[in-house]
Amino acid sequence: MVLQARNKHREAAPKPPQPPRVSQSPLRGAPDVGAGEPGPERAPPSPGRKGAAGRKGPRAETAAPPAGGGLGGRLAARLRWALGLRRAGRGRTWTTLLLAAFAAVLHWSHITHLFENDRHFSHLSTLEREMAFRTEMVILASWYRIYTKIMDLIGIQTKICWTVTRGEGLSPIESCEGLGDPACFYVAVIFILNGLMMALFFIYGTYLSGSRLGGLVTVLCFFFNHGECTRVMWTPPLRESFSYPFLVLQMLLVTHILRATKLYKGSLIALCISNVFFMLPWQFAQFVLLTQIASLFAVYVVGYIDICKLRKIIYIHMISLALCFVLMFGNSMLLTSYYASSLVIIWGILAMKPHFLKINVSELSLWVIQGCFWLFGTVILKYLTSKIFGIADDAHIGNLLTSKFFSYKDFDTLLYTCAAEFDFMEKETPLRYTKTLLLPVVLVVFVAIVRKVISDMWGVLAKQQTHVRKHQFDHGELVYHALQLLAYTALGILIMRLKLFLTPHMCVMASLICSRQLFGWLFCKVHPGAVVFAILAAMSIQGSANLQTQWNIVGEFSNLPQEELIEWIKYSTKPDAVFAGAMPTMASVKLSALRPIVNHPHYEDAGLRARTKIVYSMYSRKAAEEVKRELIKLKVNYYILEESWCVRRSKPGCSMPEIWDVEDPVNAGKTPLCNLLVKDSKPHFTTVFQNSVYKVLEVVKE
């Protein structure tokens, strides 16, 4: 209390006049370059010109943009003003945009080339194109088909055709007859979004590093490590494929907001919109945003961003979460998520800041208290809201994470962990990152940031003045990116599929090798271009080999057994006949045969998981009569049995009968029901169709 009174007295005392203060960034060691200026530190004003600190009247960036310069110039000026970006040289801006557009076209051409070579997609029939889709993307395409049928019924035209040639072959969208073809439409949309994503990556790397060389590094790192960071070649219309380009935009906006000295409504509105478009297609986006909020909170706790800025970011996330809740028809999983709980807890911590400052502890202890308050508060609030509202849709996610650290097992977690994409990151991944020099470059950047942070933190802790922060840092974007890298690394190690976020972020971090704020001491001796091109030349040795390997992949899609199955269903069963079976197969039945199904690959619904468990009991060791009784309750008419599901085993303990032994130990040791039904389906089922892969069983009703 004496220290606080002393500080207040010192602040109230008259102070001698001081020269204008220059905002000092903790990680730059140089004057602030200003919001929206990605370039290196500004040189001091020349003697004959008055600097920004000496100007009178309102600041230039708050004034409305001039009306001249043509339509394109006026639109660009309006956008810069709305987002709070300072005016850069016209030539510099257009050059950056042109290079970003070139990167977009190059990436679009690259992925269409890969997909066409792998599937020969342009020469497939409509049914074959639909069968080329798997699992969740088939459901998305089926929803689009329903939408186009509704549009046709009310007289809205959904046909549009165009042709794009590519070298000796054709692009996947060349032979589309119209938007009514869901397969072609979805492939086209994904490829366009991925092209725009690459343009954003170039702009992102340029803005973060302060140099277009940084944008070049980001783009080339992405190309050199393409087989690591995207599954677009073999599964284009995944939910995350729609979402991820908007995450790139969202993180670019967060970077700008953290760097800006003044927040503008345009930047916050753009952040809200990008949040909504990121969350809408993919429910798991909330977990990615959880890591972002946690990283930003950590940046705030150690003093790199002020409370006002973080509070506005939290409000924007809350608004976007509420909008998604409404647009997703009241999806309660969002409101009871860890993401929503974390937002509420952080908001509470910010509101209680005066009370935290009254605690007579050291600065380090205060950081630990706030971190623990956030961690335990989030978990407890999540648990309470889920219990109060009776929501268990995301319970399997908590169980999945528990199984990663402990020996916990149940039916749902084994379905996930037995799949390679949900297992731990394979050991070869860090080696592949090292061969392209992506990992070494990122480690150099990360160490440079950590050294700066440790220096800053040591200065704060060494002061030994409780409640009083001597360093008010205005820029925390580099610290945020370092923490976000740690979060993505943890996700990628725990769940291999989430390398989708790790690898691109590593490419963005690699752009900071061009940053004068981090490596200005080196660029004073060596030209930045020489350093960057030397690194890229070394990267290209393995990177070009990776590209060549991908370009050499040549294949053609063919799935005759499933085609026979779909044709039989379409012409031999009633339109209202209900089907059950493996989730991937059910998705194809829904899309191509338009038959009702009782389970599908969207596994985030508790009721759907319960139905899938009943359906998969066909591969357990239960009695046939018991399984049939449960299928009749679901009003199933036909069951599509796949013998491969009864015998295949990705690793020990991962065959379907072994998974059921964990869930149903009473029947362990008995012959699996699927093996019995493959030989003879009577008396509880009747075989009505069979080929080399599928056996359709009609449920005999009593």
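Let me sum up the structure you'll find in this document. Source: prediction; values computed, not measured.

Reading the values: rules and limits
- Residues numbered from 1 in each chain as written.
- Predicted model: local features only at pLDDT ≥ 70, side-chain atom pairs only at ≥ 80, totals over all residues.
- Heavy atoms only, no water.
- Helix = DSSP H or I, 4+ residues; strand = E, 2+ residues; numbered from the N terminus.
- Buried < 20%, exposed > 50% of the residue type's maximum accessible area, 1.4 Å probe, protein only.
- Pairing = 2+ DSSP bridges.
- Axes fitted to C-alpha atoms, helices over the stretch in contact; angles between N-to-C directions.
- Contact = heavy atoms within 4.5 Å.
- Expected span 1.5 Å × (residues − 1).
- Disulfide = S-S within 2.5 Å.
- Parallel < 35°, antiparallel > 145°, perpendicular 65-115°, else oblique.
- Left-handed = near helix turned anticlockwise from the far one by under 90°.
- Nonpolar A, V, L, I, M, F, W, Y, C, P; charged D, E, K, R; others polar.
- Salt bridge = Lys/Arg side-chain N within 4 Å of Asp/Glu carboxyl O.
- Patch = residues over 30% accessible without salt bridge, like charges linked within 9 Å, V, L, I, M, F, W, Y side chains within 5 Å.
- Areas by Shrake-Rupley, 256 points an atom, 1.4 Å probe, with all protein chains shown as cover.
- Core = buried A, V, L, I, M, F, W, Y, C linked by side-chain atoms within 4.5 Å.
- Phe/Tyr/Trp six-rings, centres within 6.5 Å; stacked < 30°, edge-to-face > 60°.
- Lys NZ or Arg CZ within 6 Å of the ring centre and 35° of its normal.

## Notes on the environment of Ala322
Locating Ala322 in the fold gives a position in helix α12 (residues 307-327). Among the residues examined, Ala322 registers a relative accessible area of 39% and is labelled partly exposed. For the pair Ala322 and Leu335, spaced 13 residues apart in sequence, the C-alpha separation works out to 8.2 Å.

## Section: the pairing of strand β6 (residues 694-699)
For β6, a buried count of 5 out of 6 residues is recorded, marking the element as mostly surrounded by other parts of the structure. Where strand β4 (residues 638-642) meets β6, 5 bridges bridge the pair, whose relative direction is antiparallel. Counterpart to Glu642 in the pairing with β6 is Tyr694. With 5 bridges joining them, strand β5 (residues 685-690) and β6 adopt antiparallel strand pairing. Across the sheet, residue Thr686 finds its bridge partner in β6, namely Glu698.

## Quick notes on the sheet that holds β6
Spatially, β3-β4-β6-β5 is the arrangement adopted by the 4 strands of the open sheet, whose pairing is mixed. In this open sheet, the two edge strands, each paired with only one partner strand, are β3 (579-581) and β5. Each neighbouring strand pair of the sheet contributes to a mean axis angle of 30°, computed without reference to strand direction. Lying over the sheet, helix α25 (residues 560-572) contacts β3, β4, β5 and β6, oriented at roughly 30° with respect to β6.

## A word on helix α9 (residues 239-259)
With 21 residues, α9 extends 31 Å from end C-alpha to end C-alpha; this agrees with the ideal 30 Å at 1.5 Å per step. Most of α9 is tucked away: 19 of the 21 residues are buried.

## Brief notes about the state of the cysteines
Under the counting rule described, the total for this entry stands at 2 disulfides. The disulfide partner of Cys646 is Cys674, and the S-S distance across this bridge is 1.6 Å. Taking the torsion about the sulfur-sulfur bond, which here is approximately 55°, the covalent link between Cys646 and Cys674 counts as right-handed. One end of the pair, Cys646, is in helix α29 (residues 644-647); the other, Cys674, is in helix α31 (residues 673-679), and 28 residues separate them in sequence. Looking at Cys674, the relative accessible area reads 0%, which means it is buried. Lacking any disulfide linkage, Cys514 is separated from the closest cysteine sulfur, that of Cys221, by 9.5 Å.

## Brief notes about the packing of helix α10 (residues 265-279) against α12
Packing of α10 against α12 leaves a shortest axis separation of 9 Å and a crossing angle of 40°. Here α12 runs oblique to α10, going by the angle between their axes. The chirality of how α10 crosses α12 is right-handed. Note on element contacts: α12 touches α10 through Lys312, Ile316, His317, Ile319, Ser320, Leu321, Leu323, Cys324 and Leu327, opposite Leu268, Leu271, Cys272, Asn275, Val276 and Met279. Split by residue class, the contact of α10 with α12 holds 11 nonpolar, 3 polar and 1 charged.

## Some remarks on the pattern of salt bridges
Taken as a whole and judged by the stated rule, the model has 12 salt bridges. Across the salt bridge formed by Asp394 and Lys382, the nearest N and O atoms sit 2.8 Å from each other. Of the two residues, Asp394 sits in the loop between α16 (363-389) and α17 (395-405) while Lys382 sits in helix α16, which places them 12 residues apart along the sequence. Across the pair, Lys382 and Asp394 agree in class, each one buried. Three or more residues are tied together by salt bridges with common partners; here these are Glu426, Arg432 and Lys499.

## Thoughts on helix α7 (residues 212-224)
With 13 residues, α7 extends 18 Å from end C-alpha to end C-alpha; this agrees with the ideal 18 Å at 1.5 Å per step. Where burial is concerned, most of α7 is hidden: 10 out of the 13 residues are buried. Of all the positions in α7, only Leu213, Gly214, Gly215, Val217, Thr218, Val219, Cys221, Phe222, Phe223 and Phe224 are classed as buried.

## Here's the deal with a nonpolar patch on the surface
Together, Leu375, Phe376, Val379, Ile380, Tyr383, Leu384, Ile388 and Phe389 line one region of the surface with nonpolar side chains, adding up to about 870 Å² of accessible area. Inspection of the secondary structure puts Phe376 in helix α16. Assessed through its relative accessible area of 51%, Phe376 is described here as exposed.

## Side note on the nonpolar core
Leu310, Ile449, Phe501, Tyr616, Met618, Tyr619 and Tyr639 are the most contacted members of the largest nonpolar core, which has 146 residues in total. At 11 residues, helix α11 (residues 285-301) tops the list of elements feeding residues into this core. Ranked by size, the runner-up nonpolar core spans 28 residues in total, among them Ala132, Leu193, Trp568 and Val589.

## Points about the packing of aromatic side chains
Each aromatic ring pair is characterised by the separation of its centres together with the angle its planes make. Inspection of every chain in the model, using the stated rule, returns 18 aromatic pairs. Look at Phe356 and Phe373: their rings are 5.8 Å apart centre to centre, the planes differ by 90°, and that puts the pair in the edge-to-face class. Taken together, the residues Phe356 in helix α15 (residues 353-357) and Phe373 in helix α16 connect sequence positions 17 residues apart. Given the relative accessible area of 7%, Phe356 is considered buried. Owing to a relative accessible area of 35%, Phe373 belongs among the partly exposed residues under this scheme. The ring centre of Tyr207 lies 4.6 Å from the NZ or CZ of Arg259, which sits over that ring.

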